[in-house]
Amino acid sequence: MRFIKFFFIVFTLCFLQSCSQTSLYQSKHYVFGTIVDISIYGESDKKAEEATQAVLKEFTRLHNSLHAWKKSDLTDLNESIAKNKSYRNASAELIEIIKEVKLLEHASGHLFNPAIGELIDYWGFHQDEFNPIHPDQSKIKILVERNPSLDQVRISGSTISSTNPHVKIDLGGYAKGYALDRASKILRDYHIKNALINIGGNIIAIGQHGNKPWRVGIQDPRGSQAIAKLDLLDGWAIGTSGDYQRYFMNDGVRYCHVIHPFTGFPVQDVYSVTVLIEPAQNAGALSDVLSKPLFIGKREDRRAIAEKLNIRHYLIIEDKVISATQTMADRIQFLDVPSQKKNHLEITR
């Protein structure tokens, strides 16, 4: 059975072609298991390439440090936790990341839970290519009842430990956004005034594209084109969780890589959730994380989830309805997409 490994969720639109190619430097690479696209406007090729190489070097470092299943600092930490041992001499960066995602897990009511690596591994998503499985409900029940949470992780100085050996940290819902923040800082340190950084659909903007804002598109989750477009202003970030990135089909059922930590099963019936994040020091990380609680949570709980997490701008695409906050609806322009004509728009006020 063939499967689709990933698509771009949010992507830069071809409007870039409208400006002189001598003004726009673009570079595409494969990192974090996805395509990284860096666009820099208004700089010499030499300066743009220098800054881009610095960003790519940082991306490679983060990839090697935070990988969830290939040997990394994170897998070393998880191995220590599984053996009921303390992980000593952890880097200051890893400690700060664990602290931040721990706060985000708690704030989300544990809907965003980076400690469920055992479940993600069981479903086969801890590998570059994955195959359909027939879920064993009894096994999944056991994994859920182990109740892994970052609440069980303890930090003392440079030592990390856990009271639960079944905590297996997976930063797949955070690392790309964190990398966006690091990239944004590096480019600004290089005095790059205008750039767009796209890591597989998680995007952050610096400055603008000539005399216009950077423009991005939101993927049609059941097609290959954009369903909508919007302008991304300086410092703003956008991210999407979708059931069409990493998934497999089994007996006509779609199983995506977004796992509900309370049921142990992949979330179904939600196609995609896009969040738009206002400028902040961790805007990239928030754009990666905050789509997950809305994707996983119950439909009737979305407003409360958004209010608790201060998510002001979101768009949710389901089978028969597209829902958005008024502020998000005001910012996007819907396109004529055949696969979504049956949907109607609901505004969350």
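Remember, it's a predicted structure, so these values are computed and weren't measured experimentally.

Novice: Help me out: how do you make sense of the packing of helix H1 (residues 45–66) against helix H6 (residues 175–189) in this one?
Specialist: The geometry of a pair of packed helices is captured by two quantities: the angle between their axes and the separation between those axes. Contact geometry for H1 and H6: axes closest at 10 Å, N-to-C directions at 150°. Compared by their axis directions, H1 and H6 come out roughly antiparallel. Along this stretch, H1 crosses H6, giving a crossing that reads as right-handed. Contacts from Ala 51, Ala 54, Val 55, Glu 58, Phe 59, Leu 62 and Leu 66 of H1 reach H6 at Ala 175, Tyr 178, Ala 179, Arg 182, Ala 183, Ile 186 and Leu 187. Grouping the constituent residues of the contact of H1 with H6 by class yields 12 nonpolar, no polar and 2 charged.

Novice: Hey, could you run me through the environment of Gly 42 in this one?
Specialist: Checked against the element boundaries, Gly 42 lands in the loop between strand S3 (34–41) and H1. It is 40 Å that separates the C-alpha atoms of Gly 42 and Asn 343, two residues lying 301 residues apart in sequence.

Novice: Even after reading the chapter, I still don't get the pairing of strand S9 (residues 226–232), so can you show me in this structure?
Specialist: With 6 of its 7 residues buried, S9 lies for the most part within the structure. Count of turn residues in the strand S8 (residues 214–219)/S9 antiparallel hairpin: 6 residues. The pairing of S9 with strand S16 (residues 332–334) spans 3 bridges and is antiparallel. For Lys 229, the partnering residue across the bridge sits in S16 and is Gln 333.

Novice: What is the right way to read the environment of Val 273 from this model?
Specialist: Tracing the chain through its elements places Val 273 in strand S13 (residues 270–277). A sequence separation of 226 residues divides Val 273 from Lys 47, and the C-alpha atoms of the two residues are 36 Å apart.

Novice: Where do I start with unusual backbone geometry in this structure?
Specialist: Both trends apply: most residues other than glycine have a negative phi, and most peptide bonds are in trans. The phi dihedral of His 110 falls on the positive side, at around 70°, and the residue is not glycine. Structurally, His 110 can be placed in the loop between helix H3 (92–107) and helix H4 (117–122). For His 110, a relative accessible area of 22% corresponds to the partly exposed category. Non-glycine residue Asp 269 carries a positive phi angle of around 80°. With respect to the helices and strands, Asp 269 occurs in the loop between strand S12 (253–256) and S13.

Novice: I would appreciate a short explanation of the confidence of the model for the chain in the present structure.
Specialist: Do not read the fine detail of predicted coordinates wherever pLDDT is low. Considering every residue of the chain, the mean pLDDT works out to 91; 92% of them sit at 70 or more. Here residues 1–12 is a poorly scored stretch, pLDDT under 50, and it has 54 contacts once near neighbours within four places are set aside; other chains count. Under a pLDDT of 50 for its full length, residues 14–22 has, in the predicted model, 11 contacts with residues more than four places off or in other chains.

Novice: Explain the side chain of Lys 176 here, please?
Specialist: On the secondary structure map, Lys 176 appears in helix H6. No salt bridge is formed by the buried Lys 176; its nearest oppositely charged neighbour, Asp 288, is found at 5.4 Å. With residues up to four places along the chain from it excluded, the contact list for Lys 176 reads Phe 32, Thr 34, Ile 199, Gly 200, Asn 202, Gln 245 and Asp 288.

Novice: Honestly, the pattern of salt bridges in this entry has me stumped. Any pointers?
Specialist: Side-chain pairs of opposite charge can arise whenever the charged atoms involved come near each other. Under the counting rule described, the total for this entry stands at 22 salt bridges. The partner of Glu 118 in a salt bridge is Arg 146, with the nearest N and O atoms 3.0 Å apart. With Glu 118 in helix H4 and Arg 146 in the loop between helix H5 (137–145) and strand S4 (153–156), this pair connects stretches of sequence that are 28 residues apart.

Novice: Before we go on, may I ask you to explain the sheet that holds strand S6 (residues 195–199) in this structure?
Specialist: Strand order in this open sheet of 9 strands is S2-S3-S6-S7-S10-S13-S14-S15-S17, and the pairing throughout is mixed. This sheet does not close on itself; its edge strands, each paired only once, are strand S2 (24–31) and strand S17 (344–348). Between one strand and the next, the sheet's axes are offset by a mean angle of 10°, whatever the strand orientation. Where S13 lies against strand S14 (residues 313–318), 6 bridges are found, and the strand directions are antiparallel. Looking across to S14, one finds that Val 270 is bridged to Glu 318. On top of the sheet, H6 reaches S3, S6 and strand S7 (202–206); it is set at about 20° to S7, its chief contact. Contacting S13, S14, strand S15 (321–325) and S17, helix H9 (residues 302–309) runs over the sheet at an angle of about 150° to S14.

Novice: Would you mind going over the packing of aromatic side chains with me for this structure?
Specialist: One pair of aromatic rings is described through two measures. These are the centre distance and the angle between the planes. The tally for this structure, following the rule as stated, stands at 9 aromatic pairs. Each member of the aromatic cluster is reached from another via a ring pair, and the members are Tyr 122, Trp 123, Phe 125, Phe 130, Phe 248, Tyr 255 and Phe 265. Directly above the ring of Tyr 271 sits Arg 222, whose terminal nitrogen or CZ lies 3.8 Å from the centroid. Sitting above the plane of the Tyr 247 ring, Arg 254 keeps its charged end 4.3 Å from the centroid.

Novice: Would you take a moment to explain H1 for this structure?
Specialist: Because an α-helix completes one turn every 3.6 residues, residues spaced three or four positions apart along the sequence face the same direction. Between the first and last C-alpha of H1 there are 31 Å, a value that for 22 residues agrees with the 32 Å anticipated at 1.5 Å per step. Restricting attention to buried positions, one finds in H1 the residues Ala 48, Ala 51, Thr 52, Ala 54, Val 55, Leu 56, Glu 58, Phe 59, Leu 62, Ser 65 and Leu 66.

Novice: Is there a simple way to think about the side chain of Asp 243 in this case?
Specialist: Assignment of secondary structure puts Asp 243 in the loop between strand S10 (237–242) and strand S11 (247–250). Engagement of the side chain of Asp 243 in a polar contact is seen with the side chain of Arg 222, the distance being 2.7 Å. If sequence neighbours within four positions are ignored, Asp 243 has contacts with Arg 222, Arg 254, Cys 256, Val 270, Tyr 271 and Phe 295.

Cut-offs applied
Residues numbered from 1 in each chain as written. Predicted model: local features only at pLDDT ≥ 70, side-chain atom pairs only at ≥ 80, totals over all residues. Heavy atoms only, no water. Axes fitted to C-alpha atoms, helices over the stretch in contact; angles between N-to-C directions. Helix = DSSP H or I, 4+ residues; strand = E, 2+ residues; numbered from the N terminus. Parallel < 35°, antiparallel > 145°, perpendicular 65-115°, else oblique. Left-handed = near helix turned anticlockwise from the far one by under 90°. Contact = heavy atoms within 4.5 Å. Nonpolar A, V, L, I, M, F, W, Y, C, P; charged D, E, K, R; others polar. Buried < 20%, exposed > 50% of the residue type's maximum accessible area, 1.4 Å probe, protein only. Pairing = 2+ DSSP bridges. pLDDT = per-residue confidence, 0-100. Lys, Arg positive; Asp, Glu negative; His and termini not counted. Salt bridge = Lys/Arg side-chain N within 4 Å of Asp/Glu carboxyl O. Phe/Tyr/Trp six-rings, centres within 6.5 Å; stacked < 30°, edge-to-face > 60°. Lys NZ or Arg CZ within 6 Å of the ring centre and 35° of its normal. Expected span 1.5 Å × (residues − 1). Polar contact = N/O pair within 3.5 Å; in protein donor to acceptor, adjacent residues only side chain to side chain.

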